[in-house]
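# Results of the structural survey
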Protein chains: 2
Amino acid sequence: MATLVLAPIGSIAALLFAFFLIKSVMKQDEGTDEMKKISLAVRKGANAYLKRQYTGVGLFFAVMFVILLILAFAGHLTFFVPFAFLTGGFFSGLSGFIGMRVATNANARTANACRSGLNKGLRIAFNSGAVMGLVVVGLGLLDVSIWFYLLYWFYTSVQGISPTDPVLYQNITSAMLTFGMGASSMALFARVGGGIFTKAADVGADLVGKVEAGIPEDDPRNPAVIADNVGDNVGDVAGMGADLYESYVGSIVSSSALAVAAGLGLQGIIVPMTMAAVGVLASIIGTFFVRSGEQATQSVLLKALRRGTYGSSIIIAVISFFLVRYALGMERIGVYFAILAGLVAGNLIGFCTEYFTSDTYPPTQNLAKTSETGPATIIIGGLSLGMLSTAIPVLIVAVAVLVSFFASGGGASFETGLYGVAISAVGMLSTLGITLATDAYGPIADNAGGIAEMAHLPEEVRERTDALDSLGNTTAATGKGFAIGSAALTALALIAAYSDEIKNIAAKNNMVLDLNTSILNPPVLVGLFIGGMLPFLFSALTMQAVGRAAQGIVMEVRRQFREIKGLMEGTAEADYATCVDICTKAAQKEMILPALIAIIAPIVVGLILGVNGVVGMLAGAAVTGFVMAVMMANAGGAWDNAKKHIEAGNLGGKGSDQHKAAVVGDTVGDPFKDTSGPSINILIKLLSMVSIVFASFILSNSIF
Amino acid sequence: MATLVLAPIGSIAALLFAFFLIKSVMKQDEGTDEMKKISLAVRKGANAYLKRQYTGVGLFFAVMFVILLILAFAGHLTFFVPFAFLTGGFFSGLSGFIGMRVATNANARTANACRSGLNKGLRIAFNSGAVMGLVVVGLGLLDVSIWFYLLYWFYTSVQGISPTDPVLYQNITSAMLTFGMGASSMALFARVGGGIFTKAADVGADLVGKVEAGIPEDDPRNPAVIADNVGDNVGDVAGMGADLYESYVGSIVSSSALAVAAGLGLQGIIVPMTMAAVGVLASIIGTFFVRSGEQATQSVLLKALRRGTYGSSIIIAVISFFLVRYALGMERIGVYFAILAGLVAGNLIGFCTEYFTSDTYPPTQNLAKTSETGPATIIIGGLSLGMLSTAIPVLIVAVAVLVSFFASGGGASFETGLYGVAISAVGMLSTLGITLATDAYGPIADNAGGIAEMAHLPEEVRERTDALDSLGNTTAATGKGFAIGSAALTALALIAAYSDEIKNIAAKNNMVLDLNTSILNPPVLVGLFIGGMLPFLFSALTMQAVGRAAQGIVMEVRRQFREIKGLMEGTAEADYATCVDICTKAAQKEMILPALIAIIAPIVVGLILGVNGVVGMLAGAAVTGFVMAVMMANAGGAWDNAKKHIEAGNLGGKGSDQHKAAVVGDTVGDPFKDTSGPSINILIKLLSMVSIVFASFILSNSIF
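Parameters at a glance
Residues numbered from 1 in each chain as written. Chains lettered and ligands numbered in written order. Predicted model: local features only at pLDDT ≥ 70, side-chain atom pairs only at ≥ 80, totals over all residues. Heavy atoms only, no water. Helix = DSSP H or I, 4+ residues; strand = E, 2+ residues; numbered from the N terminus. Contact = heavy atoms within 4.5 Å. Lys, Arg positive; Asp, Glu negative; His and termini not counted. Charge placed at Lys NZ, Arg CZ, Asp CG, Glu CD. Axes fitted to C-alpha atoms, helices over the stretch in contact; angles between N-to-C directions. Parallel < 35°, antiparallel > 145°, perpendicular 65-115°, else oblique. Left-handed = near helix turned anticlockwise from the far one by under 90°. Salt bridge = Lys/Arg side-chain N within 4 Å of Asp/Glu carboxyl O. Core = buried A, V, L, I, M, F, W, Y, C linked by side-chain atoms within 4.5 Å. Buried < 20%, exposed > 50% of the residue type's maximum accessible area, 1.4 Å probe, protein only. Least-squares fit on C-alpha atoms with pLDDT ≥ 70 in both. Patch = residues over 30% accessible without salt bridge, like charges linked within 9 Å, V, L, I, M, F, W, Y side chains within 5 Å. Areas by Shrake-Rupley, 256 points an atom, 1.4 Å probe, with all protein chains shown as cover. Polar contact = N/O pair within 3.5 Å; in protein donor to acceptor, adjacent residues only side chain to side chain. Phe/Tyr/Trp six-rings, centres within 6.5 Å; stacked < 30°, edge-to-face > 60°. Disulfide = S-S within 2.5 Å. pLDDT = per-residue confidence, 0-100. Expected span 1.5 Å × (residues − 1). Bend = angle between axes of the 7 residues up to and from the residue.

Looking only at helices and strands, chain A features 21 helices and zero strands. Partitioning the contacts of chain A with sequence separation of at least 6, the portion at a separation of at least 24 is 83%. Each charge class in chain A was averaged separately, 42 positive and 47 negative side chains, and the resulting centres sit 4 Å apart.

The next subject is the packing of helix α4 (residues 118-158) of chain B against helix α8 (residues 265-289) of chain B. When two helices pack together, their arrangement is captured by the angle between the axes and the distance separating the axes. Residue and element names in this part refer to chain B. Running from N to C, α4 and α8 cross one another at 160°; their axes reach a closest spacing of 10 Å. Relative to α8, α4 is oriented roughly antiparallel. Like other packed secondary-structure pairs, α4 and α8 cross with a definite hand, here left-handed. Contacts from Arg 123, Phe 126, Ala 130, Leu 134, Val 137, Leu 141, Val 144 and Phe 148 of α4 reach α8 at Leu 266, Ile 269, Met 273, Ala 276, Ala 277, Val 280, Ile 284 and Thr 287.

It is possible for side chains of opposite charge to pair when their charged atoms get near one another. According to the stated counting rule, one finds 51 salt bridges over all chains in the structure shown. A salt bridge links Arg 559 of chain A to Glu 556 of chain A, with the shortest nitrogen-to-oxygen separation between them at 2.8 Å. With Arg 559 of chain A and Glu 556 of chain A both in helix α17 (residues 522-563) and three residues apart, this pair spans about one turn of that helix. Here Asp 670 of chain B and Lys 673 of chain B are joined by a salt bridge, their closest N and O atoms 3.1 Å apart. In this pair, Asp 670 of chain B and Lys 673 of chain B both sit in helix α20 (residues 657-693), three residues apart, roughly one turn of the helix.

Moving on, we come to the nonpolar core. Tyr 419 and Phe 672 of chain A together with Tyr 419 and Phe 672 of chain B are the most contacted members of the largest nonpolar core, which totals 550 residues. Those residues in contact with Tyr 419 of chain B that sit more than four places away from it in its chain are Ser 255, Leu 258, Ala 259, Ala 262, Leu 264, Gly 268, Val 271, Pro 272, Leu 328 and Val 335 of chain B.

Moving on, we get to the relation of the copies chain A and chain B. Mapping chain A onto chain B is achieved by rotating through 180° and translating by 0.0 Å along the same axis, at an RMSD of 0.0 Å. Classification of the inter-copy transformation places it as that of a two-fold axis. Within chain A, Ser 518 of chain A has its C-alpha nearest the rotation axis, a separation of 2.0 Å. In this assembly, 100% of the residues forming the interface of chain A have copies in chain B that are likewise at the interface, indicating an isologous arrangement.

This next bit is on the environment of Val 557 of chain A. Here Val 557 of chain A lies in helix α17. Residues Val 557 of chain A and Gly 209 of chain A, spaced 348 residues apart in sequence, show a C-alpha to C-alpha distance of 8.2 Å.

Looking now at a nonpolar patch on the surface. Together, Phe 406 of chain A together with Ile 592, Leu 596, Ile 600, Val 604, Ile 608, Ile 703 and Phe 704 of chain B make up a nonpolar patch on the protein surface, roughly 710 Å² of accessible area in all. Relative to the elements of secondary structure, Phe 406 of chain A occurs in helix α13 (residues 391-407). Here Phe 406 of chain A falls in the partly exposed class, since its relative accessible area comes to 30%.

What follows is about the interface of chain A and chain B. Between chain A and chain B, the contact holds 69 residues from the first and 69 residues from the second. Across the chain A-chain B interface, the total number found is four residue pairs in polar contact (both at pLDDT 80 or more). Of all the elements in the fold, those that place two or more residues in the side of chain A that touches chain B are α12 (375-388), α13, α14 (414-429), α16 (459-508), α17, α19 (592-647) and α20 (657-693) of chain A. Broken down by element, the residue count for the side of chain A that touches chain B peaks at 19 residues, all from α17 of chain A.

Right, let's get into the packing of α4 of chain B against helix α5 (residues 166-177) of chain B. Residue and element names in this part refer to chain B. At a minimum axis distance of 10 Å, the contact between α4 and α5 shows a crossing angle of 140°. Between α4 and α5, the interaxial angle falls into the category oblique. For the pair α4 and α5, the sense of crossing is right-handed. Packed against α4, whose contacting residues are Val 144, Phe 148, Leu 151, Tyr 152, Tyr 155 and Thr 156, the element α5 presents Leu 168, Tyr 169, Asn 171, Ile 172, Ala 175 and Met 176 at the interface.

Before going further, it helps to spend a moment on the side chain of Ser 499 of chain B. Mapped onto the elements, Ser 499 of chain B comes out in helix α16 (residues 459-508). According to the relative accessible area criterion, Ser 499 of chain B is buried, its value standing at 3%. With sequence-adjacent residues up to four places away left out, Ser 499 of chain B is seen in contact with Leu 520 of chain A together with Leu 515 of chain B.

Residue and element names in this part refer to chain A. Turning to its location among the elements, Arg 109 is positioned in helix α3 (residues 80-116). What makes Arg 109 buried here is its relative accessible area of 8%. Polar contacts involving the side chain of Arg 109 include one to the main-chain carbonyl oxygen of Val 25, which spans 3.4 Å. Every residue in contact with Arg 109, bar those within four places of it in the chain, is listed here: Val 25, Met 26, Gln 28, Asp 29, Glu 30 and Ile 124.

What follows deals with the packing of aromatic side chains. Residues and elements named next belong to chain A. The tally for this structure, following the rule as stated, stands at 52 aromatic pairs over all chains. Ring plane angle 85° and centroid distance 5.7 Å describe the contact between Phe 60 and Phe 61, whose orientation is recorded as edge-to-face. One exposure class covers both Phe 60 and Phe 61, and it is buried. Look at Phe 80 and Trp 147: their rings are 6.2 Å apart centre to centre, the planes differ by 75°, and that puts the pair in the edge-to-face class. Of the two residues, Phe 80 is situated in helix α3 and Trp 147 in helix α4 (residues 118-158); the sequence distance between them amounts to 67 residues.

Attention now moves to the environment of Lys 44 of chain A. Summarising the element assignment, Lys 44 of chain A is placed in helix α2 (residues 33-73). Along the primary structure Lys 44 of chain A and Leu 686 of chain A are separated by 642 residues, whereas in three dimensions their C-alpha atoms are 31 Å apart.

In this section: the state of the cysteines. Applying the stated criterion across every chain, the model contains zero disulfides over all chains. Sulfur of Cys 579 of chain B: no disulfide; nearest cysteine sulfur belongs to Cys 583 of chain B and is 6.9 Å away.

This part takes up unusual backbone geometry. Glycine aside, a negative phi is what most residues show, and trans is what most peptide bonds show. Of note, the phi angle at Leu 651 of chain A is positive, near 50°, even though the residue is not glycine. Summarising the element assignment, Leu 651 of chain A is placed in the loop between α19 and α20. The phi dihedral of His 456 of chain B is positive, around 55°, even though this residue is not glycine. Tracing the backbone through its elements, the reader meets His 456 of chain B in the loop between α15 (432-454) and α16. Since its relative accessible area comes to 59%, His 456 of chain B is described here as exposed.

Further remarks concern the confidence of the model for chain A. On average, residues of chain A score 91 in pLDDT, and 100% of them are at 70 or above. Under the prediction, the complex receives an ipTM of 0.95, its pTM being 0.95.

Looking now at helix α7 (residues 225-261) of chain B. Residue and element names in this part refer to chain B. The end-to-end C-alpha distance of α7, which contains 37 residues, comes to 53 Å, matching closely the 54 Å that a straight helix rising 1.5 Å per residue would cover. Approximately 25° is the largest bend angle found in α7, and it occurs at Gly 239. The buried fraction of α7 amounts to 35 of the 37 residues, a majority that puts the element mostly inside the structure. Where α7 ends, the next residue or the one after it, Gly 263, has phi of about 80°, a positive value.

Moving on: helix α6 (residues 180-213) of chain A. Residues and elements named next belong to chain A. In a regular helix each residue adds 1.5 Å, so 34 residues correspond to 50 Å; α6 covers 47 Å between its end C-alpha atoms and thus fits that length. The sharpest bend along α6 reaches about 30° and sits at Asp 206. With 30 of 34 residues buried, α6 is to be regarded as a mostly interior element. Positive phi appears at Gly 214, one or two residues downstream of α6, with a value of about 70°.

Before going further, it helps to examine the environment of Ala 550 of chain B. As for its position among the elements, Ala 550 of chain B is in helix α17 (residues 522-563). Sequence spacing of Ala 550 of chain B and Phe 197 of chain B is 353 residues, and the spatial spacing of their C-alpha atoms is 8.9 Å.

What follows is the structure, given as structure tokens:
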């Protein structure tokens with residue numbers, strides 16, 4: 001029990017270090033007045049968006065709070081759940097908010113630092129990204145710790161359960177398991193809303209600015225340019241943060257619950273909680289490895305970032321051996337291999353994503369060549385590249401699942417094996433503090449480039465920010481691989497935790513439980529089909545939403561070009577705020593339907609097909625969701641980089657027909673990689689979370 | 001037992017009527033010398049392709065025959081299997097061959113008939129399509145009947161098993177179950193090879209002819225024009241025929257096997273076999289409903305075809321009630337509702353496909369509008385339309401599965417319920433004779449249009465063939481919905497039959513079987529992921545194959561334009577044969593890898609993950625395969641018709657920027673709807689078939 005104190009300590013260490021990083025970033029100079037002005041506009045837009053988003057989401061949380069209260073009164077939940085739902089949502093939102101605040105403050109500072117040198121720019125952008133990573137793990141661990149101690153106190157002191165009674169830990173983990181729903185809901189809104197915002201602005205700005213008016217990217221005459229920069233922050237920073245916050249919390253609470261199911265009790269809970277704390281420490285140390293010389297090439301910069309993540313991984317790999325040995329003893333040292341499997345799988349998937357999407361490797365180079373026969377062939381090429389790229393990650397996850405299951409003793413005890421699978425998700429996410437840093441760093445560098453362009457800084461500054469930005473694309477691809485891989489493993493752990501929770505509820509209420517999760521059982525099979533379809537439906541809705549919202553931006557930009565005299569000549573200023581406003585409104589409106597589907601589907605499927613159908617649905621969604629998310633992320637990334645490859649002067653370069661074809665590919669890839677794809681990660685976890693929260697209700701009311 | 005004689009009778013009736021239809025078609029005049037010449041060129045190309053394909057496939061069959069013989073010697077299979085494998089492949093190939101022979105003879109005759117009137121053209125095209133439908137059901141039923149009687153004779157007369165002993169029927173159905181693999185393998189080659197051929201020719205011809213040289217479709221100056229017409233026949237006729245042949249046979253043999261598992265014995269086998277015979281009768285009657293007046297509009301023509309399919313459906317719905325009552329008695333009349341569920345589901349999925357892909361409904365009209373902002377938006381629009389359109393078919397299949405399972409008594413006996421699911425697939429496919437007719441009719445009308453254009457027939461003839469062709473697109477969409485829906489149901493029946501077969505083998509050999517098909521069992525879960533990924537991998541490979549083959553055609557057409565003097569002026573003739581040859585070679589080469597994956601995957605997964613992993617893999621492939629196939633078929637169909645909608649004079653009409661964007665969509669859709677999408681149907685059945693054939697081998701040699 002004393003070891004557990006490492007969790008809150010780790011949490012506070014992460015938050016303190018983040019605070020220290022914020023201070024160090026804010027000390028830097030924002031540069032010229034023009035840079036300050038642009039940065040302020042982006043900041044204001046991002047804040048306006050988040051304010052609106054939190055208002056809408058607040059309403060949703062209020063309604064869900066009441067529903068959960070009613071379920072609690074009906075005896076389907078403990079009274080902790082509605083409140084834990086709120087804290088999960090609050091902390092998830094808060095980590096996105098802080099990360100974005102820092103990012104929007106760091107963009108001009110990064111651009112300004114690039115005026116004096118590359119290393120300084122890298123440090124500022126990376127440190128700001130690290131804030132995001134550390135805040136996510138810090139707040140996630142804080143939320144979990146607070147509730148653990150609170151529940152421990154309640155069940156031992158108020159209800160008088162003995163600390164040695166296994167029922168105590170069952171009660172605690174069972175309650176904690178339901179907490180993830182708040183984080184997942186918030187994450188879904190952040191990802192879907194942010195994703196729609198950022199791609200509507202991006203696509204809209206490109207369609208009119210680049211294609212119709214023929215002005216370059218980030219040109220201040222384009223009225224959608226500020227919205228585009230705001231989008232990078234609300235989508236890629238705040239959305240990504242909320243996404244990984246919930247994976248992080250989900251993996252910890254599900255492995256804790258499975259620890260109890262496996263009969264490992266408190267010792268089994270200690271592993272994921274302290275693993276997370278160790279991960280924080282390793283991530284903080286890792287940030288110090290990230291620095292480069294002044295004349296750094298892209299590969300040197302990449303090595304600098306890699307030193308950070310690999311260094312942290314190695315630290316974790318070493319310490320967690322002793323942790324498992326201490327907590328579970330040498331006879332359960334197999335759990336250590338589950339952790340290793342997760343760690344290695346995460347890095348491998350990340351590398352695989354990079355292989356398929358970076359133009360230093362053949363797949364993207366070949367994709368760029370398909371532009372020679374026009375847009376149709378580059379679209380076919382990108383889609384098949386994306387589909388092809390799903391094979392390796394699936395096999396990696398397959399091996400990771402089998403290794404963690406059997407190494408942890410799944411051959412002898414099924415539950416212990418499932419605990420191993422959940423622990424491998426924790427292992428994969430243990431480096432989150434630093435992997436998220438390398439990921440959130442990308443949009444900051446991207447913004448810095450935009451500011452350099454808009455503020456007419458010298459060519460060399462833009463070159464430096466471009467180097468940082470281009471690197472950001474690579475690390476973003478790796479980060480996406482991580483996010484998808486961890487989402488899949490967490491989803492599996494949550495499914496196992498769900499079926500365990502069902503058994504607990506049935507046992508507590510003396511219900512006869514007909515739990516037959518065989519694939520051949522028709523409700524399971526039908527659930528599998530419905531679940532398998534959900535990621536397609538979800539992607540369709542989010543892609544259509546981007547299309548509609550982008551259409552709105554196109555109209556508005558055309559209107560401004562037409563009506564504002566002197567805009568094209570640079571003598572009048574564009575009305576940036578209206579574009580931000582259109583994106584904000586569209587994102588808020590369009591995110592409702594996909595979110596409702598994610599919340600209603602498990603309840604309806606549960607009521608009609610029963611818990612077996614729900615298990616089928618969760619598995620179906622996890623399978624197609626994982627494959628689709630990889631496909632969309634990699635196709636989108638490859639199109640983006642194929643375009644950049646051509647813009648770098650290959651195959652005819654900028655302005656050629658090849659380039660035009662590649663722009664079509666990139667535009668199709670935008671909602672793939674930044675809206676629909678990442679949202680699927682959250683969908684598959686949220687479905688599980690909703691199922692868990694409504695488990696007791698479904699058990700009492702389902703038809704089958 | 002006496003009732004069973006209906007099956008061979010039905011089979012012979014189908015073949016006789018097909019023979020009669022062939023005679024009546026061949027009596028017609030082929031028209032002018034020019035028409036004869038073109039038709040001959042197409043015929044020669046198609047024959048050359050099939051000859052080459054059968055040579056390559058023959059090699060594959062020889063190798064597999066030896067492998068199966070070895071397995072039989074090792075005691076893993078009965079000695080019937082290698083021979084049945086050959087007959088399945090032979091009959092499947094034969095039905096494709098006959099259908100294609102008639103189609104390539106009917107194209108000029110249809111065009112010629114259109115010179116005198118629309119109704120006559122419709123009759124010839126439709127009757128030729130009906131030959132395909134009737135040959136498929138006739139040969140399928142013949143193959144199944146021959147083997148049933150042969151095995152019955154062998155086990156009763158040679159081995160002396162009593163006709164009242166349930167073991168007799170278990171032996172018969174267990175052997176018959178393995179027969180499908182021959183049909184499935186042949187179907188895969190036909191679909192993949194034909195699909196690559198047709199789309200390579202189509203895409204290649206369009207990219208150079210329409211886009212670069214600016215000459216219209218079907219222009220005789222385009223060297224790829226004959227290859228394009230050949231492709232319609234080898235892909236859409238022969239490929240489709242082989243595909244549905246194996247669905248048809250698969251549904252009959254799997255429901256027979258499940259009948260025995262459910263303890264229904266011979267009576268349970270009678271239902272699918274005689275149902276099929278009833279379907280033949282109903283289809284023959286249905287063909288007489290298809291006729292129209294001379295001044296028919298498209299909706300009148302559609303009604304004529306609908307009369308045929310709906311009329312047949314009603315006949316089957318009525319007769320099968322008495323059939324079930326007679327064979328299984330009133331206490332099992334619920335099986336009748338399983339048949340109805342299949343019939344209704346098939347028609348509903350067909351209608352749903354039509355709704356999403358016909359430009360008389362909003363989805364395709366709206367898709368056409370997205371062309372206004374360029375190719376990127378129409379691609380995003382088509383992909384999201386395709387994804388969105390998966391929801392309803394999934395729900396239809398879900399309801400059909402649940403209804404047939406529970407109506408057949410699945411609540412009381414699990415096996416009886418699974419028998420019901422298999423029977424619903426038979427119900428859906430019972431109208432195959434006529435639904436396939438309305439489907440195979442499309443490419444014939446398409447070819448007729450091509451010949452009318454190339455032979456410079458008067459405008460009114462082309463108008464009539466266009467009316468027939470346009471209708472063909474609608475019925476092809478419906479046919480595709482049918483093919484996908486029946487593939488999904490058949491795949492489910494095969495999975496159930498597989499798990500049943502495993503139990504039989506284990507019982508016979510006194511093996512301890514650890515059959516745990518729970519989704520939570522890691523080998524199942526991992527199998528699910530791998531299976532879910534296979535359709536993506538498979539689609540990637542087939543799409544890339546089309547891209548590469550099309551590239552070859554582009555080079556060749558460009559070469560001919562450059563080197564053959566007078567070609568563009570119409571004074572010299574193009575070298576059509578070389579293009580046909582390039583497509584043929586490419587198709588043969590490119591179909592190997594996807595086919596190998598389909599055959600090797602179940603064996604490798606089985607050896608590593610055991611039978612539980614195989615069940616997971618089959619279910620995963622069925623789920624994502626079904627959703628992907630619907631997505632690809634509907635996205636492709638909608639893009640095709642959106643382009644036609646614009647060409648009909650909407651949104652700027654031919655030659656406008658909107659039209660150019662729509663052509664990009666159509667080109668992307670080509671491999672979607674005619675290569676990758678349809679091939680997935682076969683993939684998911686072939687995986688099951690291979691698993692069944694190798695079941696005993698896997699049981700003895702797997703690691704887990």
